[in-house]
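Descriptive analysis of the structure
Residues per chain are reported as follows:
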Amino acid sequence: MQPPPSPTRVGIVGLGYVGLPLAIAFAETGHDVVGLDLDPRKIEALNEGRSYVEDIGNETLEILRDRLRPTGDYADLAACDAVIICVPTPLGSSREPDLTYLLDAGDALSAVLQAGQLVVLESTTYPGTTRERLVPILERSGRTVGSDFHLAFSPERIDPGRTDYTVRTTPKLVGGITEGCAERARALYAEICDEVVVLSTPETAELAKLLENIFRSVNIALVNELAQLCDRLQINVWEVIDAASTKPFGFMRFDPGPGMGGHCLPVDPFYLAFKAREHDFYPEFIELAGKVNQAQPAFCVERIERALNDARKPVKGSKILVLGASYKAGIGDIRESPALKILQLLQVLGADLSYHDPFVPALADLGLDSVDLEDGLAEVDLVAIVTAHPGIDYEAVVADAPQTIDFRGITRGLEAENLTRL
Ligand SMILES: NC(=O)c1ccc[n+]([C@@H]2O[C@H](COP(=O)([O-])OP(=O)(O)OC[C@H]3O[C@@H](n4cnc5c(N)ncnc54)[C@H](O)[C@@H]3O)[C@@H](O)[C@H]2O)c1
């Protein structure tokens, strides 16, 4: 099978936080891109030149209008040289991998799979998914992997909101089912990435991605636990971490916070735990880190209760303004956000709640709309900084509110009677 000459026509399945930036990266390098999503609102937005991903401006979509074709029809992928799958891989209700989106996408793709096409899976998943789950589905097309079509896994490493590392400057890992598959994937990504690292198997690439996320999860759990201990010891955890960070080797900084959110860190480690259990192996670090991080919102609520208690106020009926609802600063993604857990716990305790988040206009499940910051600060009893979005004058917040509690360390350097930090 000869690879098609560049530029290739690339199909992207799933135009979310991962798929849309990837589609843009290929379009910007002169490729024709077919962007497929089953959510008609996304297709409509793209057709109207409206971006729904913070890192991508409407003007970028406008410039690339001729090269990026949004569609909801899998048949449009038949004309592509390469198809990249970027659909969600969440957890089910019993915290086991839910591969429904991925298997559905594979099913639909196998119906239109063409000889000579390269298929790449980018969704985060447990080792073995590409070979054990995707190959059989795609081979239902009657075509054989390695000889009729190519298949590889290449994990997405995007960090939404980040500007110092981009799709181009972040090295890309690829692992192919065959050497030919790996070479095809390498050549594809070399079009948009400065460095492509070819691994021996898709399983290695799948596990490398999980290691990256588990590494973060475990280290965040470590500093979250340290923050709880420092609270008991009456030691400033931020000063401890600042101090340790002065060591130029052998230490990597992680900051404590209100818990772990997003689609990746709270979810991905459990993909590996699931696979490990299939092999009678119980990975303790993963479970322990998950336990510590998931308990962090409750610890934050306890800190809020204590802060109000110091002012002789109960949580019930107190006006609490939560600053930031998304899981990280600068973006509007609320998936698994610890702010939601904190809001829920405070709601159960009877707090008079409001929140302000310039990126999240409403929280339908909690029946709350983001309030104007000035309105929210009027007559409030306590402000809890849960996500430190840019563009907010935190010094002014501390000056205006009777009490502020900061779970992100954004007010470091500020000392005031009415200010406490994690
Ligand atoms: N968001 C991140 O920061 C990030 C980073 C690295 C890896 N990942 C991984 O990338 C994958 C995608 O994540 P995301 O954040 O982009 O998700 P997302 O929810 O933002 O986007 C996924 C898109 O896929 C679409 N979709 C679902 N089923 C489909 C189907 N059968 N056919 C076509 N489209 C379908 C959805 O409508 C949605 O628009 C996940 O596996 C995630 O773990 C995400």
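Everything numeric here is computed off the predicted structure, so don't read it as measured data.

**Some points on the overall build of the protein**
Looking only at helices and strands, one finds 13 helices and 15 strands in the protein. Taking 2.2 N^0.38 as the reference for a compact globule, 422 residues should give roughly 22 Å; the C-alpha atoms of the protein span a radius of gyration of 23 Å, in line with that estimate. Taken along its principal axes, the extent of the C-alpha atoms in the protein is 75 × 50 × 40 Å. For the protein, with 422 residues in total, the buried portion stands at 51%. For the protein, the proportion of contacts with a sequence separation of at least 24, taken over those separated by at least 6, is 69%. Of the roughly 19,400 Å² of accessible surface on the protein, a fraction of 52% belongs to carbon and sulfur atoms. Of note, the protein has its 38 positive side-chain charges centred 3 Å away from the centre of its 63 negative side-chain charges.

**Things to note about the side chain of Lys328**
Residue placement: Lys328 occurs in the loop between strand E9 (319–323) and helix H11 (338–348). A polar contact is formed between the side chain of Lys328 and the side chain of Asp159, at a distance of 2.4 Å. Setting aside its immediate chain neighbours within four residues, Lys328 contacts Asp159, Pro160, Thr387 and His389.

**Things to note about the sheet that holds E9**
On the basis of which strands lie adjacent, the open sheet formed by five strands has the order E10-E9-E13-E14-E15 and parallel pairing. The sheet terminates laterally at strand E10 (352–356) and strand E15 (419–421), the two strands that pair on one side only. Pairs of neighbouring strands in the sheet enclose a mean axial angle of 20 degrees, with direction left out of account. In this sheet, E15 lies alongside strand E14 (residues 404–406) in parallel orientation, the contact comprising three bridges. The residue of E15 that forms the bridge with Asp406 is Arg421.

**Regarding the pairing of strand E7 (residues 172–176)**
Taken across its five residues, E7 has five buried, putting it largely inside the fold. Taking every second residue as pointing to the same face, both faces of E7 are buried, with Lys172, Val174 and Gly176 on one and Leu173 and Gly175 on the other. Pairing of strand E6 (residues 150–153) with E7, which is carried by two bridges, proceeds in the antiparallel orientation. When the bridges of E7 are listed, Ala152 appears paired with Gly176.

**Description of the sheet that holds strand E5 (residues 118–121)**
What the eight strands build is an open sheet, ordered E3-E2-E1-E4-E5-E6-E7-E8; its pairing is mixed. Looking at the sheet topology across the chains shown, the edges are occupied by strand E3 (68–71) and strand E8 (196–199). Taken over all neighbouring pairs, the strand axes of this sheet differ in orientation by 25 degrees on average, direction set aside. In the sheet, strand E1 (residues 9–13) pairs with strand E4 (residues 82–85) via four bridges, with the strands oriented parallel.

Calculation notes
- Residues numbered from 1 in each chain as written.
- Predicted model: local features only at pLDDT ≥ 70, side-chain atom pairs only at ≥ 80, totals over all residues.
- Heavy atoms only, no water.
- Helix = DSSP H or I, 4+ residues; strand = E, 2+ residues; numbered from the N terminus.
- Rg over C-alpha atoms; globule rule 2.2 N^0.38 Å.
- Buried < 20%, exposed > 50% of the residue type's maximum accessible area, 1.4 Å probe, protein only.
- Contact = heavy atoms within 4.5 Å.
- Areas by Shrake-Rupley, 256 points an atom, 1.4 Å probe, with all protein chains shown as cover.
- Lys, Arg positive; Asp, Glu negative; His and termini not counted.
- Charge placed at Lys NZ, Arg CZ, Asp CG, Glu CD.
- Polar contact = N/O pair within 3.5 Å; in protein donor to acceptor, adjacent residues only side chain to side chain.
- Pairing = 2+ DSSP bridges.
- Axes fitted to C-alpha atoms, helices over the stretch in contact; angles between N-to-C directions.

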